[in-house]
Amino acid sequence: MLAVAQRSIALLRQAPPQLLLLALVTFAISGCAFVYLFLLIVAPIPRAPRRSEKTYVTILPDGSRSSPKELSCWIDKFAAQKELARRNGKAKAPEIEAAELFMSVVVPAYNEEERLGGMLEEAVAYLQEEYGSNGRDGGKLVWEILIVSDGSTDGTIDKALDFARSHQLSLHPIPEKGPWKQQKEGRHIPHGSIRVIVLEENRGKGGAVTHGMRHARGQYVVFADADGASLFSDLGKLVEGCKAVEDAEGRGVAIGSRAHLVGSEAVVKRSKLRNFLMHSFHLLLRLMTPPATARIGDTQCGFKLFSRPALPYIIPYMHSEGWIFDVEMLMLAESAEIPMVEVAIGWKEVLGSKLNVVWDSLGMAWGLGVLRGAWGVGVYRRT
Ligand SMILES: Nc1nc2c(ncn2[C@@H]2O[C@H](COP(=O)(O)OP(=O)(O)OP(=O)(O)O)[C@@H](O)[C@H]2O)c(=O)[nH]1
Ligand SMILES: [Mg+2]
């Protein structure tokens, strides 16, 4: 082995410099081509939404379940306008269609029949109190909740619709148990506030969130986990934070953050392995992401708010279907120079997490590597 190496080095020494240079360039080009091809094969490309996934069901005023209705989809209209502008040689990108209501809440839900009720109870309590007149006196809706069932095989869909029915029909709905505070009675909500979208097959949290955000009608769009771990009433802080940093086009992102809780009881109580993996992931993030994303203390919190004008710069270019999607969203926002702000929120450990600490951490590290590589070599495009 040593002899072979020595012979090769001797041969290289004898070779003319032009030949050496050629060998080096060929080696570099084939290396780049290999990396590009590899990333082309492994980088996830989301599947197109199926016909049924572009519909929703809700509860009608008489309490019955609606037949599937067409979802309004800003992204389809936006893409069509963009294509038209391109054909007409216009350089300026079109604007996203106007909001129909103030707040859209997207809830990704994978087998969440146990946890969804408590989260919804808190969400509607806050939304109805804060943006009160939702649909009152036949008026327009002010908020909506889009529950995206991510190929759930349990009773998630029925749970969501039962919640909508009981809260819209009864004057005194029986409150669901929530992780934060118990109310004496549930909140009465107008019909149509809750829409259920069903993905035929499981895509992962990133796929479910992105799908919901393609169909949001709000001026602000927040996604929130179905487990109710984030203190929902901190939504107001996110809105304030976002408004404070929005640019001239109204673009802004507010990132719910648990970074201030590191060292607190809730985090310390987590297993040593989980905390170790969390810190390793943060280190990896800091090394591999561009500066504004790298500065964010908590990229993974399931409570992030986007102003509507920011959406066309992020949602059409999303690829990640799994847990790493938050990082992709933030990197896209950063590359479009959208102002971002991290906002400390209340948070609570909720039983029933489906996260597999070891496998999902490995998956996240792999996902981050592929994402960064695909960005670097141009497999993922951002315009
Ligand atoms: N595990 C999992 N969750 C999904 C999936 N698709 C959507 N989700 C939703 O993603 C959200 C986060 O799931 P959790 O199990 O609470 O995971 P987490 O919040 O990242 O982790 P914890 O901090 O342990 O709670 C929930 O609303 C899930 O229902 C999926 O394919 N798998
Ligand atoms: Mg959770």
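All of these numbers come straight from a predicted model, not from anything done at the bench.

## A few points about the overall build of the chain
Here is step 1: Within the chain, the regular secondary structure consists of 13 helices and 9 strands.
Here is step 2: With respect to the three principal axes, the spread of C-alpha positions in the chain is 90 × 60 × 40 Å.
Here is step 3: With 383 residues in all, the chain has 40% of them scored as buried.
Here is step 4: Across the chain, contacts joining residues at least 24 apart in sequence account for 79% of those joining residues at least 6 apart.

## So, the sheet that holds strand E8 (residues 303–307)
Here is step 1: The 7 strands lie next to each other as E5-E4-E3-E6-E8-E7-E9, forming an open sheet whose pairing is mixed. Strand pairing shows two members of the sheet lacking a second neighbour, strand E5 (194–199) and strand E9 (340–344), which therefore form its edges. If you compare each strand with its neighbour and ignore which way they point, the axes differ by 20 degrees on average.
Here is step 2: Relative to E8, strand E7 (residues 253–257) runs antiparallel, the two being bridged by 3 bridges.

## Some words on the site of ligand 1
Here is step 1: Taken together, 17 residues lie near ligand 1, and Tyr110, Asp150, Ala226, Ser353 and Lys354 sit nearest.
Here is step 2: Contributions of two or more residues to the shell around ligand 1 are made by strand E3 (101–109) and helix H6 (205–213).
Here is step 3: Considered class by class, the residues forming the shell around ligand 1 number 7 nonpolar, 4 polar and 6 charged.

## Re the environment of Val370
Here is step 1: On the secondary structure map, Val370 appears in helix H13 (residues 357–377).
Here is step 2: A residue is classified by how many C-beta atoms lie within 10 Å of it, and Val370, with 20 of them, is buried.
Here is step 3: Put simply, Val370 and Phe38 are 332 residues apart on the chain and 9.7 Å apart in space, counted from C-alpha to C-alpha.
Here is step 4: Sequence-distant contacts of Val370, defined by excluding residues within four places in its chain, comprise Leu39, Val42 and Ala43.

## As for the domain arrangement of the chain
It is common to report an interface's size as the accessible area lost on association of the parts.
Here is step 1: Each assigned domain of the chain is listed with its residue range as follows: domain 1 (2–42) and domain 2 (51–269 + 291–360).
Here is step 2: Once you take the C-alpha centre of each, domain 1 and domain 2 turn out to be 50 Å apart.

## Notes on the environment of Gln18
Here is step 1: Relative to the helices and strands, Gln18 resides in helix H2 (residues 17–42).
Here is step 2: With 8 C-beta atoms counted inside 10 Å, the residue Gln18 sits in the exposed group.
Here is step 3: Taking the C-alpha atoms as reference points, Gln18 and Ala99, 81 residues apart in sequence, are found 63 Å from one another.

## Structural notes on the nonpolar core
Here is step 1: Grouped together as the largest cluster of nonpolar side chains are 86 residues, with contacts concentrated most on Val106, Val107, Ala123, Ile147, Val222 and Ile314.
Here is step 2: Per-element accounting of this core gives the leading share, 8 residues, to helix H4 (residues 116–130).
Here is step 3: Not counting residues up to four positions away in its chain, the partners in contact with Ala123 are Val105, Ile145, Ala224 and Phe232.

## A word on unusual backbone geometry
Here is step 1: One non-glycine residue, Asn111, lies in positive phi territory at about 50 degrees.
Here is step 2: With respect to the helices and strands, the residue Asn111 is situated in the loop between E3 and H4.
Here is step 3: Residue Asn111 is classed as partly exposed on the basis of its C-beta count, with 19 C-beta atoms lying within 10 Å.
Here is step 4: A positive phi angle is found at Glu337, which is not glycine, with a value near 60 degrees.
Here is step 5: Relative to the assigned elements, Glu337 resides in the loop between helix H12 (325–335) and E9.
Here is step 6: Note on Glu337: 11 C-beta atoms within 10 Å, which makes it exposed.

## A closer look at the packing of H4 against helix H5 (residues 156–169)
Any two packed helices are characterised by how steeply their axes cross, that is the angle between the axes, and by the distance between the axes.
Here is step 1: One way to put it is that H4 packs onto H5 with a least axis distance of 10 Å and a crossing angle of 35 degrees. Classified by chirality, the crossing of H5 by H4 is right-handed. Across the interface between the two elements, Leu116, Gly117, Leu120 and Val124 from H4 touch Thr156, Lys159, Ala160, Phe163 and His167 from H5.
Here is step 2: Class assignment for the residues of the contact of H4 with H5 results in 5 nonpolar, 3 polar and 1 charged.

## Comments concerning the packing of helix H9 (residues 272–288) against H13
Here is step 1: Where H9 contacts H13, the axes come no closer than 11 Å and their chain directions differ by 0 degrees. With respect to each other, H9 and H13 are oriented roughly parallel. Of the residues in H13, those in contact with Leu273, Arg274, Leu277, Phe281, Leu284 and Met288 of H9 are Val357, Ser361, Met364, Ala365, Leu368 and Arg372.

Rules behind the numbers
- Every residue gets a number counted from 1 within its own chain, in the order that chain's sequence is written.
- Starting at A for chains and at 1 for ligands, labels are handed out in the order in which the entities are written.
- Two thresholds apply to this predicted model, a pLDDT of at least 70 for residue-level local features and 80 or more for giving and counting side-chain atom pairs, whereas whole-chain, interface and lining totals are computed over all residues.
- Strands here are runs of E lasting at least two residues and helices are runs of H or I lasting at least four, both read from the DSSP assignment and numbered beginning at the N terminus.
- Three exposure classes are used, based on other C-beta atoms lying within 10 Å of a residue's own C-beta, which is placed from the backbone: buried for 20 or more, exposed for 12 or fewer, and partly exposed in between.
- The contact criterion used here is simple: two residues whose C-beta atoms, placed from the backbone, lie within 7 Å are in contact.
- Whether two strands pair comes down to DSSP finding at least two bridges between them.
- Angles shown run from 0 to 180 degrees and are taken between the N-to-C directions of axes, each axis being a line fitted to C-alpha atoms and, for helices, limited to the stretch in contact.
- For each residue, a C-beta atom is placed from the backbone, and the residue is labelled near a molecule or strand when this atom is within 6 Å of it.
- Residues were grouped as follows: Ala, Val, Leu, Ile, Met, Phe, Trp, Tyr, Cys and Pro as nonpolar; Asp, Glu, Lys and Arg as charged; and all remaining residues, including Gly, as polar.
- Segmentation of the chain into domains, including their bounds, is taken from an automatic or database domain assignment.
- Each nonpolar core comprises buried Ala, Val, Leu, Ile, Met, Phe, Trp, Tyr and Cys residues, the members being joined through C-beta atoms within 7 Å.
- Note on convention: the crossing is left-handed when the near helix lies turned anticlockwise from the far helix by less than a right angle, right-handed when the turn is clockwise.
- Angles below 35 degrees are treated as roughly parallel, those above 145 as roughly antiparallel, those between 65 and 115 as roughly perpendicular, and all remaining angles as oblique.

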